[in-house]
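Structure at a glance
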Amino acid sequence: MILRTVGQGGMGAVYQARDMKRQVICAIKEMSLSMVPLNERPQAIQNFKIEAKMLWGLSHANLPAFHGFFTEGPRYFMVMEYVDGYTLEDLLER
């Protein structure tokens, strides 16, 4: 269940959501292909999968935990630990 949009950019958005199975708040990163030219979409999808597989193998106290990735039709998502606080953009604006 999506609770709110945390951030948005040219390549997608990040949502705060509730994982209904584990009953925890998580972050869902969506990759949007709408701004990617048709001929570059296969590479963008491949890059997304490479990033997801790389994150799957990382475990560090200073990184949000990676829980997995999934697709829904033409949409691609990563599920990660939600870390409450300021975004880098917030900090740079200060």
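Quick caveat, the model's predicted, so the values are computed rather than measured.

How each quantity is defined
- Position numbers for residues start from 1 in each chain and track the written sequence from start to end.
- Residue-level local features of this predicted model are given only where pLDDT is at least 70; pairs of side-chain atoms are given and counted only at 80 or more, and the full residue set underlies all totals for whole chains, interfaces and linings.
- In computing side-chain values, all of the structure's heavy atoms are included and hydrogens and water are not.
- Helix and strand definitions follow DSSP, with helices as H or I runs of at least four residues and strands as E runs of at least two, each counted in order from the N terminus.
- For every residue, the accessible area (1.4 Å probe, protein chains only) is compared with the maximum for its type, and the residue is labelled buried under 20%, exposed over 50%, or partly exposed between those bounds.
- Contact criterion: two residues are considered in contact whenever any of their non-hydrogen atoms come within 4.5 Å of each other.
- Every accessible area reported is derived by Shrake-Rupley at a probe size of 1.4 Å, with residue values counting cover from the shown protein chains alone.
- Here the positive residues are Lys and Arg and the negative ones are Asp and Glu; neither His nor the chain ends is included.
- We put the charge of a Lys on NZ, of an Arg on CZ, of an Asp on CG and of a Glu on CD.
- Here a polar contact is taken to be a pair of N or O atoms separated by no more than 3.5 Å, where protein atoms must pair a possible hydrogen donor with a possible acceptor and residues adjacent in sequence count only if both atoms sit in side chains.
- Pairing between two strands is assigned when DSSP locates at least 2 bridges connecting them.
- In plain words, nonpolar cores are sets of buried Ala, Val, Leu, Ile, Met, Phe, Trp, Tyr and Cys residues tied together by side-chain atoms within 4.5 Å.

Along the protein, the regular secondary structure elements total 2 helices and 5 strands. Tracing the protein from N to C terminus, the helices and strands come up as β-β-β-α-β-β-α. Across the 94 residues in the protein, those meeting the buried criterion constitute 28%. Considering only contacts in the protein between residues 6 or more positions apart, those separated by 24 or more positions represent 31%. Carbon and sulfur atoms provide 56% of the accessible area of the protein, an area that totals close to 7000 Å². Once the 10 positive and 10 negative side-chain charges of the protein are each reduced to a mean point, those two points are 7 Å apart.

The subject of this paragraph is the side chain of serine 32. Within the fold, serine 32 resides in the loop between β3 (24-31) and α1 (41-56). Reaching out from serine 32, the side chain makes a polar contact with the side chain of serine 34 at a distance of 2.9 Å. Excluding residues that lie within four positions of it along the chain, serine 32 makes contacts with Met11 and Gly12.

In the sheet, strand β4 (residues 66-72) pairs with strand β5 (residues 75-81) via 6 bridges, with the strands oriented antiparallel. Considered in β5, the bridge of threonine 71 is made with tyrosine 76. Counted between consecutive antiparallel strands, the loop separating β4 from β5 contains 2 residues, among which glycine 73 sits at a positive phi close to 60°.

So, about the nonpolar core. The tendency in soluble globular proteins is for nonpolar side chains to be buried side by side. Among the nonpolar cores identified, the biggest contains 11 residues, and these are Met31, Leu33, Val36, Ala44, Ile45, Phe48, Ala52, Phe66, Tyr76, Met78 and Met80. Elements supplying a minimum of two residues to this core: α1 and β5. Sort the elements by how many residues they give to this core and α1 lands first, with 4 residues. For alanine 44, the residues in contact, after removing those within four places along its chain, are Met31, Leu33 and Val36. Core analysis: the next-biggest nonpolar cluster, separate from the first, contains 5 residues, Ala17, Cys26, Phe77 and Val79 among them.

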